[in-house]
Amino acid sequence: MASYTVTVSTGSQWFAGTDDYIYITLVGTERCSERTLLDKPLYDDFERGAVDSYEVRVRESLGTIMLVKLEKRKYWMNDDWYCRYITVKTPSGDYVEFPCFRWLVNNKEVVLRDGKARLPQDDKTSLIKQHRQKELEMRRMTYRWKEWQPGFPMSIDANRHKDLPHDIRFDSEKAVDFVLNYSKAIENLFVNQFMHMFQTSWNDFADFENIFVRIKNTISEYVMEHWKEDFMFGYQFLNGCNPVLIKKCTKLPDKFPVTDEMVSVCLERKLTLEQEVEAGNIYIVDYEVLNGISPNCTDPCTVQYLTAPMCLLYKNIEKKILPIAIQLSQTPGEDNPIFLPTDRDYDWLLAKIWVRSADFQHHQTITHLLRTHLMTEVFAVAMFRELPAVHPVYKLLIPHIRFTIAINTKAREQLICECGLFDKANALGGGGHIQLVQKAMKSLTFRSLTFPDIIKSRGMEKQEELPTYFYRDDGNRVWEATKIFVSDVVHIYYSTDEAVQADEEIQAFIKEVRSCGMQDSESCEFPKSVKSREELTEYLTVIVFTASAQHAAVNFGQYDWCSWIPNAPSTMRRPPPKQKGLADAKMIIDSLPDRGRSCWHLGAVWALSQYQENELYLGMYPDEHFVEKPVKAAMESFRERLAEITNSIKRRNQTKNLPYYNMSPDRIPNSVAI
């Protein structure tokens, strides 16, 4: 008679425990144990957060334990159970870990492999191969693709959060209810009395402080005090919410006919505009992608406007970025003047406000929604469909797609759907955001998700030229730390490039992303396969970085930069000016969002900037999907590198009036979950 000690860990999240019957079967190389009920007399088994041990007795040794089969059967009524892991102590005293980290719902059973990660070519026995294949077959039935809107990246086939598989839902749906959170934000911000005052303009700029005074922080207050200044306007292209558009201007576009005469007074080096361009001191931001997009027309009482401006920027002798010319639409002409810093103050201010509003639209829909949320979901669904839990890349990626499908499904259910919350305050509501994503998809390529490449493609890679481009500097360091970690993991499991090529599952995953997730679009230029460890490392680094650092950089600063409404108007209620000399304070106030839309906007940026309760930050992996010591050592090295980056950023920020911390690893969640 032999005895195996089975230790069972129940999750600590709400409702993780169960009163249902739990059965276990141990599958060894020699034989299987009998199906055994895990139950202790006069003991409440499988309580939330509990770790319980049980004896499984067998007549003869089972050999090497290969699989553990768990079954849940109803006791009184179905009571879902979250199992973290199973540990089996063999009669010889060896311990074998079986990670689970999933829900058992209804009368469900799961079959677990031991925790050692394995490539498909590593599995030799038919039993193990069949288990691997069956897991993927079940996953493909559970995680199905769906085209939510034509021209969008593909997403999960689920209309509501509650339709999702339990394993990828939020622990508490209330925590991510956008309607509830926005309403709570509006209440917390003490702006309830304004939220229904649509069509009612503010009296003046100071009047915006009625919804701002209680919620200041270091950056948002600085923005309120300095938002009219050209320095603040230019700085945001480097380190604001949308630091991804500014690029070096190598040739003035014909559609933006700025002359030397127009801007010579702004140029400090006694060079002509053309010479400044050649010297690398001129930068440009072009919102051409917004051209032709329909503005929000869901409210018949309020006409809303959208435009596609261009802005020319100058690096002065102090290496500050300052605006020197703004054109508010793409076609030059008499009714589309080029606004200049030498114009009347209100003309210049209104032109900058229009650029800030366009930047807000681009940020919310392209930079944030499309290029972090929707793209991470593509990687997540493909992962579930093509990589079994025993695959090392599954184990690597699973912490970085945590809750992403859930938050995106909730957004499609409440936020960006027809008549959703996006319609209430945004110029792109009512379908404009759909058009914009469809248009932006045509320029979304794999290389544009590769951080160093996209920085270089915009001519922004040289630190000595722009020493205050902290988004670039911090992002490069986090990218490099992430890439080293990913490379370490890849090299642990793939001894040669040929091993990568021979991995049918990883090749299927790469293909699934392109052929299904991106609908095999030629313009996306996503790879169809990976042929080396270097290629695989870069591909996986893109996924981890997009889901963690890039999302953090463009999400969690929203309250800082967008809570002062005139600095980031979510909509404009007057058309862009077609001639100079007309703007005054009243015209600007009447152009900015009304009281109701301002409050919805404020609630949105506050709610979206909040970290989740019990947030897991980059490098934190409490769920031990990996059990091998070399991987754990790689994780520890990763955390050490991240801690060095965090400390360096803290030291730099101590001397800054405008600290930049959105790429600080201690503020980068592992995944897109808000």
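Heads up: the structure comes first, above all this text.
Residues numbered from 1 in each chain as written. Predicted model: local features only at pLDDT ≥ 70, side-chain atom pairs only at ≥ 80, totals over all residues. Heavy atoms only, no water.

> Hey, could you run me through the sheet that holds strand β15 (residues 338-339) in this one?
As a general point, the strands of a sheet are linked pairwise by backbone hydrogen bonds and lie either parallel or antiparallel. The antiparallel open sheet is built from five strands, whose spatial order is β11-β12-β13-β14-β15. Two strands bound the open sheet, and with one partner strand each, they are β11 (247-248) and β15. Judged from the six bridges that link them, strand β13 (residues 310-315) and strand β14 (residues 321-327) form a sheet pairing that is antiparallel. Of the residues in β14, the one forming a bridge with Cys311 is Ile326. This element, helix α4 (residues 230-239), spans β12 (282-286), β13 and β14 of the sheet and lies at about 95° to β14. Along the sheet, helix α7 (residues 345-386) makes contact with β14 and β15, crossing β14 at roughly 95°. (Pairing = 2+ DSSP bridges. Helix = DSSP H or I, 4+ residues; strand = E, 2+ residues; numbered from the N terminus. Contact = heavy atoms within 4.5 Å. Axes fitted to C-alpha atoms, helices over the stretch in contact; angles between N-to-C directions.)

> Please explain unusual backbone geometry as it appears in this structure.
Where the residue is not glycine, phi is negative for most of them; where a peptide bond is considered, it is trans in most cases. At Asp520, a residue that is not glycine, the phi angle is positive and equals roughly 55°. Position of Asp520 among the secondary structure elements: in the loop between α15 (504-517) and α16 (533-555). For Asp520, a relative accessible area of 40% translates into the label partly exposed. In this structure, Glu525 is a non-glycine residue whose phi angle is positive, near 55°. Here Glu525 lies in the loop between α15 and α16. (Buried < 20%, exposed > 50% of the residue type's maximum accessible area, 1.4 Å probe, protein only.)

> Please clarify how α4 should be interpreted in this entry.
Side chains that are three or four residues apart share a direction in an α-helix, a result of its 3.6 residues per turn. Counted residue by residue, α4 has eight buried out of 10 residues, so it is predominantly covered. Within the sequence span of α4, burial applies to Met232, Phe233, Gly234, Tyr235, Gln236, Phe237, Leu238 and Asn239.

> Whenever I open this one, the packing of aromatic side chains confuses me. Can you help?
Ring pairs (aromatic) are described by centroid distance and by the angle formed between their planes. Within this structure, the stated rule accounts for 27 aromatic pairs. When the ring of Tyr21 is compared with that of Tyr75, the centres are 5.5 Å apart and the planes differ by 85°; the resulting orientation is edge-to-face. One end of the pair, Tyr21, is in strand β2 (residues 21-28); the other, Tyr75, is in the loop between β5 (65-73) and β6 (81-89), and 54 residues separate them in sequence. Classification of Tyr21 by relative accessible area gives partly exposed; the value is 34%. Judged by relative accessible area, which is 51%, Tyr75 ranks as exposed. Aromatic side chains Phe233 and Phe237 sit 5.3 Å apart centroid to centroid with 85° between the ring planes, which places their arrangement in the edge-to-face category. Placement of both Phe233 and Phe237 in helix α4 is noted, with a separation of four residues, approximately one turn of the helix. Like Phe233, the residue Phe237 is buried in the burial classification. Through pairs of rings, three or more aromatic residues link up here, namely Phe379, Phe446, Phe509, Phe526 and Tyr539. When the ring centre of Trp14 is taken as reference, the NZ or CZ atom of Arg48 above it lies at 4.2 Å. (Phe/Tyr/Trp six-rings, centres within 6.5 Å; stacked < 30°, edge-to-face > 60°. Lys NZ or Arg CZ within 6 Å of the ring centre and 35° of its normal.)

> What exactly am I supposed to notice about the pattern of salt bridges here?
Should their charged atoms come close, side chains of opposite charge can pair. Applying the stated criterion to the full structure yields 39 salt bridges. Asp20 is paired through a salt bridge with Lys72; the nearest N and O atoms lie 2.8 Å apart. Note that Asp20 is positioned in the loop between β1 (2-10) and β2 and Lys72 in strand β5, a separation of 52 residues in sequence. Residue Asp20 shares its accessibility class with Lys72, and that shared class is buried. Among the ionic pairs, Arg652 bridges to Asp474, the shortest N-O distance being 2.8 Å. Highlighted residues: Arg652 in helix α20 (residues 629-653) and Asp474 in helix α13 (residues 470-493), separated in sequence by 178 residues. What makes Arg652 buried here is its relative accessible area of 18%. With relative accessibility at 2%, the residue Asp474 sits in the buried group. Salt bridges linked by common partners bring Arg35, Lys69, Glu71, Arg73 and Glu109 together as one network. (Salt bridge = Lys/Arg side-chain N within 4 Å of Asp/Glu carboxyl O.)

> Just to check I follow, could you spell out the environment of Asp623 for this structure?
Checked against the element boundaries, Asp623 lands in the loop between α19 (595-608) and α20. In the structure, Asp623 is positioned 44 residues away from Gln579 in sequence and 60 Å away in space, judged by C-alpha atoms. When sequence neighbours within four positions are dropped, the list of residues in contact with Asp623 reads Tyr82, Arg84 and Phe101. Within the local environment of Asp623, its side chain forms a polar contact with the side chain of Arg84, the two groups lying 3.5 Å apart. (Polar contact = N/O pair within 3.5 Å; in protein donor to acceptor, adjacent residues only side chain to side chain.)

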